[in-house]
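Residues per chain, in single letters:
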Amino acid sequence: MSDKTEGYFYLALAMILVGSTVIASKVIAAGLPPFTATALRFAIALPGFLLLMKLTGTRLPAIGRGDRLLLVLQAVAGSVGYTTLLISGLRMTSAADAGVIIGTLPVVSALVSIVVLKERPGVALLLAIGLATAGVVAVAVPGEGADGGRGTWLGNALVMGAVVCESLFILLNKRLRQPLQPLALSTVMTAIGLVASIVPALFEAPWRHGLPSGALVAVLYYALVPTVAGFVLWYAGSARTSGTEASLFTALAPISAVAMAFLLLGEPVGASQLIGIGCVVVAVLSLVLVGRRSPAGPRKSACRKTTACRKHACGLAERS
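I will try to describe carefully the structure that is included in this document. Small disclaimer: the values here were computed from a predicted structure and weren't measured.

## Notes on the packing of helix α4 (residues 95-102) against helix α6 (residues 123-140)
Stage number 1. Relative orientation of the contacting elements α4 and α6 amounts to 165°, with a least axis distance of 9 Å. One finds that α4 runs roughly antiparallel with respect to α6. Pair α4 / α6 crosses with left-handed handedness. In contact with Asp 97, Val 100 and Ile 101 of α4, α6 contributes Gly 135, Val 136 and Val 139.
Stage number 2. Of the residues in the contact of α4 with α6, the class split is four nonpolar, one polar and one charged.

## Overview of the side chain of Thr 241
Stage number 1. On the secondary structure map, Thr 241 appears in the loop between α9 (213-238) and α10 (243-248).
Stage number 2. Classification of Thr 241 as buried rests on a relative accessible area of 3%.
Stage number 3. Side-chain polar atoms of Thr 241 contact the backbone oxygen of Gly 237, separated by 3.1 Å.

## Describing helix α5 (residues 105-117)
Stage number 1. Over its 13 residues, α5 extends 17 Å from the first C-alpha to the last, a length consistent with the 18 Å expected when each residue adds 1.5 Å.
Stage number 2. Residues Leu 105, Pro 106, Val 107, Val 108, Ser 109, Ala 110, Val 112, Ser 113 and Ile 114 constitute the buried set of α5.
Stage number 3. Looking one or two residues beyond α5, the residue adopting positive phi is Lys 118, at roughly 60°.

## Considering empty space enclosed by the protein
Stage number 1. A volume near 40 Å³ is recorded for the largest cavity.
Stage number 2. Along the wall of the largest cavity there are eleven residues; nearest its centre are Gly 19, Val 22, Ile 102, Ala 253 and Pro 254.
Stage number 3. If you list the elements that add at least two residues to the lining of the largest cavity, you get α1 (3-29), α4 and α11 (252-263).
Stage number 4. In terms of residue count, the dominant contributor to the lining of the largest cavity is α1 (four residues).
Stage number 5. Class assignment for the residues of the lining of the largest cavity results in six nonpolar, four polar and one charged.

## Focus on the packing of helix α2 (residues 34-56) against helix α8 (residues 182-204)
Stage number 1. For the pair α2 and α8, interaxial distance at closest approach is 7 Å and the crossing angle is 155°. It follows that α2 is roughly antiparallel to α8 by the angle criterion. Helix-helix and strand crossings are classified by hand; for α2 and α8 the assignment is left-handed.
Stage number 2. Among the residues making up the contact of α2 with α8, the classes are represented as 18 nonpolar, eight polar and one charged.

## Some details on the nonpolar core
Stage number 1. By size, the foremost hydrophobic cluster in this structure holds 52 residues, and its most contacted members are Val 22, Ile 28, Leu 86, Leu 90, Ile 102 and Met 189.
Stage number 2. The contacts of Leu 86, once residues within four sequence positions are left out, are Ser 25, Ile 102, Val 159, Ala 162 and Tyr 222.
Stage number 3. In this structure, Met 15, Phe 49, Phe 231 and Leu 233 belong to the second largest nonpolar core, which totals 21 residues.

## Section: α6
Stage number 1. Taking 1.5 Å per residue, 18 residues should reach 26 Å; α6 reaches 25 Å between its end C-alpha atoms and fits that length.
Stage number 2. Looking only at α6, the buried set comprises Leu 125, Ala 128, Ile 129, Ala 132, Gly 135, Val 136, Val 139 and Ala 140. Relative to the axis of α6, the buried residues are bounded by an arc of 125° and lie together on one face. Opposite the packed face of α6, turned more than 90 degrees from it, sit the exposed residues Val 123 and Leu 127.

## Quick notes on a nonpolar patch on the surface
Stage number 1. On the surface, Val 27, Phe 262, Leu 263, Leu 264 and Leu 265 cluster together into a nonpolar patch covering about 490 Å² of accessible area.
Stage number 2. Its place among the elements puts Leu 265 in the loop between α11 and α12 (271-293).

## Some words on the packing of aromatic side chains
Stage number 1. In total, this model carries four aromatic pairs according to the counting rule given.
Stage number 2. Note on Phe 49 and Phe 231: the rings are 5.8 Å apart at their centroids and 90° apart in plane angle, and the pair reads as edge-to-face. One end of the pair, Phe 49, is in helix α2; the other, Phe 231, is in helix α9, with 182 residues separating them in the sequence. Of the two residues, Phe 49 and Phe 231, both sit in the buried class.
Stage number 3. A network of ring pairs unites the aromatic residues Phe 49, Phe 231 and Tyr 235 as a single cluster.

Cut-off values and rules
- Residues numbered from 1 in each chain as written.
- Predicted model: local features only at pLDDT ≥ 70, side-chain atom pairs only at ≥ 80, totals over all residues.
- Heavy atoms only, no water.
- Axes fitted to C-alpha atoms, helices over the stretch in contact; angles between N-to-C directions.
- Helix = DSSP H or I, 4+ residues; strand = E, 2+ residues; numbered from the N terminus.
- Parallel < 35°, antiparallel > 145°, perpendicular 65-115°, else oblique.
- Left-handed = near helix turned anticlockwise from the far one by under 90°.
- Contact = heavy atoms within 4.5 Å.
- Nonpolar A, V, L, I, M, F, W, Y, C, P; charged D, E, K, R; others polar.
- Buried < 20%, exposed > 50% of the residue type's maximum accessible area, 1.4 Å probe, protein only.
- Polar contact = N/O pair within 3.5 Å; in protein donor to acceptor, adjacent residues only side chain to side chain.
- Expected span 1.5 Å × (residues − 1).
- 1 Å grid on protein atoms, 1.4 Å probe; cavity = no way out; pocket = protein on both sides within 12 Å on 5 of 7 lines; lining within 4 Å.
- Points joined across faces, edges and corners; volume = space filled by probe spheres on them.
- Core = buried A, V, L, I, M, F, W, Y, C linked by side-chain atoms within 4.5 Å.
- Arc of directions from axis to C-beta.
- Patch = residues over 30% accessible without salt bridge, like charges linked within 9 Å, V, L, I, M, F, W, Y side chains within 5 Å.
- Areas by Shrake-Rupley, 256 points an atom, 1.4 Å probe, with all protein chains shown as cover.
- Salt bridge = Lys/Arg side-chain N within 4 Å of Asp/Glu carboxyl O.
- Phe/Tyr/Trp six-rings, centres within 6.5 Å; stacked < 30°, edge-to-face > 60°.

What follows is the structure, given as structure tokens:
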């Protein structure tokens, strides 16, 4: 196996694990309150990231006051906000629908940059945004929810809120004066996320309702496999491939989420999900190709992601 082929394998596996977070969140949503699950996830993942930092000799640089505030906002939005909204949304919608919506992250991130940073979009980018919107509409239209569709619509809206939170994470990361190395950033996000979610978790008083074993196993899996192991796989793969090649693999996340919803949860996958995932995948791939042809590449940082790439592509690795 060549070095590049090995990199492709790592990237594909990382994105499949990202898709599996939707399935894990669905199981968690059935047994644990959102902030409790979020705090447990970070408490389990943090020692793993600290161990990785020790093994790799990664150190935290001196962080200025302005950057510290940005890091807190990133953690609240991209770590706590993303996880709690995703779990809350999955109480009312299917994992298949959520998988399609989560797949729009690269496109939503580009849209947020247009709105907040006043970036001028090209025709191809507008087309990608239109396709992603069509994909979300395909699964967000009220269907056969328990209350005639209203619950499904609200659940989809909460999942889209999670995507917006993740997009804010990526936007805030661009504003850091001193970008952190990916491993250091993931560790800091996990630590701040743990602190930020503990107090709301106490108000949920989970001990009064019990801690279902299935939900706890799902949290353990989410924390150690997609979060920590997924991080290692993503950066092992991106070290062997170009940034554009790595970005292409982000399209696997929604595909894997929908496939696992069908295979593992037995959820029906109908025409709306297939149309939605088709629109989203085409939108993501077109966005990546637009970034590849752009003469002005993204700002250099410790991370090798492109503008079309998620958070742990850093977006995915750091919160997934």
